[in-house]
Protein chains: 2
Amino acid sequence: MSDREISQAVIRRLPRYYRYLGELLENNIERISSNELSKRMQVTASQIRQDLNNFGGFGQQGYGYNVKYLYTEIGKILGLEENHNFIIVGAGNLGQALANYSAFEARGFVFKGIFDNNPILDGVSIRNIPVMMMDDIKSFIKENEVEIGVLTLPKDSAIEVAKVLVDCGIKAIWNFAHTDLDVPGDVIVENVHLSESLMRLSYNLKRSNDGYHYHK
Amino acid sequence: MSDREISQAVIRRLPRYYRYLGELLENNIERISSNELSKRMQVTASQIRQDLNNFGGFGQQGYGYNVKYLYTEIGKILGLEENHNFIIVGAGNLGQALANYSAFEARGFVFKGIFDNNPILDGVSIRNIPVMMMDDIKSFIKENEVEIGVLTLPKDSAIEVAKVLVDCGIKAIWNFAHTDLDVPGDVIVENVHLSESLMRLSYNLKRSNDGYHYHK
C-alpha cells in the first residue's frame, strides 16, 4: 500500500511504537496483544489497533501482533533500512556529543565528517575523524554524497550555514540552533529546540509549585 | 488573572512566542503588530491575537504589541523569573554539553553538580565543578535544594536513577534517555527523545526521495 493516506498524527506516533517494539525484542518477547501494548505505552488499545491497522494485517485475532514483523515493517515505513550520509556543523560540546551518538548508526545514519570555523579545532579528531574547516564543506558534501546536515552552532551562524548547505543540494537539516530556518520547501527541517523544552518544564514546575496538580 | 484557563495548546506555543520576542528585543524592535509577528512566525495574525488575548490587554489598536512588556509577561507565565537548582546525571558527551549550555542560566536554571558512576570521571572538572559519584547524590540533593534532575545516561540506568531522584523529593526530570519514565503523578517529566526526532527526519526524507512533496 502507499503511505500517502496515513495521517500525520499516526506518523508522529510511529517512532514511539518503534521504540517500544524494540524494547520488547530486546526482552525476547515475540508477540503482544494490543491490550498489553496499551498498558506499556499508556495509549488506549483501540488507538493502537486503529493506528496499526493503517499498515494492514499486522495483528491476528487471538494471537496478537508479531513483534519482530511489526518492528521491521514500521522501520521500513520510517526509512530506517536505508543509509544516509550526514555531517555535523559545529564541533562544540553538543556537536561532539552527537558525533558519538551510537543511535545514529543503528538507524542507518552514517557519520561522514564534522566542521567548524574555529581554527583551534582544525584537525582535532572526533571518532577518528579530524574536524574540518568551513572552507572545505562544499566540495566535501559533493564528494561524499551527504544528504543530511546537523546544525549544532549559534543561531546566526546556523542561518548562514543552512544557506550554504541548501546551495550544495543537501536534502535535510537536523537543526539544534535556537532559531527557525528559512529554506526552500523541498528541504526537510527537523528542529530540536532544547530551550523550548526547558521552558515547558519550567512552566509545569511553576504550576506545580503554585499548587496546581500536574497532568502528564 | 489565573493561568488556569489557558489551554495546553496555547501553552505549547508560548516558548516560541518568547523566542521570537527575544529576537526582536535583540534587534532593538520596541513594538510589533500582529501582522508583522505573523509573517515572522508563520502563524496567522488571528491566531496570534487570539493567543495573546489570553493574557489580557497586551496589544493596542493601531500601536501593536509592546515587545519588552510582552516578553517579560510571557517569561513570568513560563516561570523564568524564578531560580531552580539542577543537577545532571550522566557525565558523558551529552551531559557535558548540557553542563556547558549557557541558555540554562539565562532561564533561571542554576547548575549545581554533575554525577556519574564511572570511577574514571571521579573528580574530573566540568565548568569548574568536579564530577561526583552516585554514592553522594542523595545527600547532595538535600543539601543543595535541587529541584530538577537532567538524565543523560543509558535507558536502564535512567529508570533506576529516576527512582532515586523521586525518593529524594526531586520535582522535575528533564529526560534525554531513550525510554519513558514511570514516576508519581506529581513529578514533572519533560522528555527529549532525540532518536524519535531523527526517525521523523528519516520518514520525511524517505517520502521526499520517493517523490512526495514535503509539507512543513
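It should be emphasised that the depicted structure is a prediction, and the values quoted were computed from it without experimental measurement.

## Concerning the side chain of serine 195 of chain A
Working step 1: Within the element layout of this structure, serine 195 of chain A appears in helix 9 (residues 194-209).
Working step 2: Relative accessible area serves as the criterion here: at 2%, serine 195 of chain A is assigned to the buried category.
Working step 3: A distance of 3.5 Å separates the side chain of serine 195 of chain A from the side chain of arginine 107 of chain B, its partner in a polar contact.
Working step 4: Those residues in contact with serine 195 of chain A that sit more than four places away from it in its chain are His178 of chain A together with Tyr101 and Arg107 of chain B.

## What to know about the sheet that holds strand 11 (residues 188-191) of chain A
All names here are of chain A.
Working step 1: Sheet architecture is open: six strands sit in the order 8-5-4-9-10-11, paired in parallel fashion. Each edge of the sheet is formed by a strand with only one pairing partner; in this case those strands are strand 8 (132-133) and strand 11.
Working step 2: Direction of pairing for strand 5 (residues 109-116) relative to strand 8: parallel, over a ladder of two bridges. Bridge pairing in strand 8 links phenylalanine 115 to methionine 132.
Working step 3: Contacts between helix 8 (residues 155-167) and the sheet are confined to strand 4 (84-89), strand 9 (148-151) and strand 10 (172-175), with strand 9 contributing the most and set at about 175 degrees to the helix.

## A short note on the packing of helix 2 (residues 34-41) of chain B against helix 3 (residues 45-53) of chain B
Residue and element names in this part refer to chain B.
Working step 1: Closest axis-to-axis distance for the helix 2/helix 3 pair is 8 Å, and the angle between their directions is 110 degrees. The angle between helix 2 and helix 3 falls in the class roughly perpendicular. Crossing of helix 2 over helix 3 shows right-handed handedness. Only Ala45, Ile48, Arg49 and Leu52 of helix 3 make contact with helix 2, whose side of the interface consists of Ser34, Asn35, Leu37 and Ser38.
Working step 2: Tallied by class, residues from the contact of helix 2 with helix 3 come to four nonpolar, three polar and one charged.

## Structural notes on unusual backbone geometry
All names here are of chain B.
Working step 1: With a phi close to 55 degrees, asparagine 28 is a non-glycine residue in the positive phi region.
Working step 2: Looking at the secondary structure, you find asparagine 28 in the loop between helix 1 (8-26) and strand 1 (31-32).
Working step 3: Judged by its relative accessible area of 67%, asparagine 28 is exposed.
Working step 4: One non-glycine residue, asparagine 128, lies in the positive phi region at around 65 degrees.
Working step 5: Locating asparagine 128 in the fold gives a position in the loop between strand 6 (125-126) and strand 7 (129-130).
Working step 6: According to the relative accessible area criterion, asparagine 128 is exposed, its value standing at 76%.

## Notes on the sheet that holds strand 4 (residues 84-89) of chain B
Residues and elements named next belong to chain B.
Working step 1: Reading across the sheet, the six strands line up as 8-5-4-9-10-11 and stay open at both edges, with parallel pairing between neighbours. Where the open sheet ends on each side, the last strands, each with one partner, are strand 8 (132-133) and strand 11 (188-191).
Working step 2: Sheet analysis places strand 9 (residues 148-151) next to strand 10 (residues 172-175), joined by four bridges and oriented parallel. Note that in strand 10 the partner of leucine 151 across the bridge is asparagine 175.
Working step 3: Of the strands in this sheet, strand 4, strand 9 and strand 10 are in contact with helix 8 (residues 155-167), which crosses strand 9 at around 175 degrees.

## Examining the pattern of salt bridges
Residue and element names in this part refer to chain A.
Working step 1: Using the criterion set out here, one finds 20 salt bridges over all chains in the structure.
Working step 2: Measuring nitrogen to oxygen at the nearest pair gives 3.5 Å for the salt bridge that ties arginine 127 to glutamate 105. Pair noted here: arginine 127 is in the loop between strand 6 (125-126) and strand 7 (129-130) and glutamate 105 is in helix 6 (residues 103-106), with a separation of 22 residues, a long-range link.
Working step 3: Relative accessible area serves as the criterion here: at 41%, glutamate 105 is assigned to the partly exposed category.

Analysis parameters
- Residues numbered from 1 in each chain as written.
- Chains lettered and ligands numbered in written order.
- Predicted model: local features only at pLDDT ≥ 70, side-chain atom pairs only at ≥ 80, totals over all residues.
- Heavy atoms only, no water.
- Helix = DSSP H or I, 4+ residues; strand = E, 2+ residues; numbered from the N terminus.
- Buried < 20%, exposed > 50% of the residue type's maximum accessible area, 1.4 Å probe, protein only.
- Polar contact = N/O pair within 3.5 Å; in protein donor to acceptor, adjacent residues only side chain to side chain.
- Contact = heavy atoms within 4.5 Å.
- Pairing = 2+ DSSP bridges.
- Axes fitted to C-alpha atoms, helices over the stretch in contact; angles between N-to-C directions.
- Parallel < 35°, antiparallel > 145°, perpendicular 65-115°, else oblique.
- Left-handed = near helix turned anticlockwise from the far one by under 90°.
- Nonpolar A, V, L, I, M, F, W, Y, C, P; charged D, E, K, R; others polar.
- Salt bridge = Lys/Arg side-chain N within 4 Å of Asp/Glu carboxyl O.

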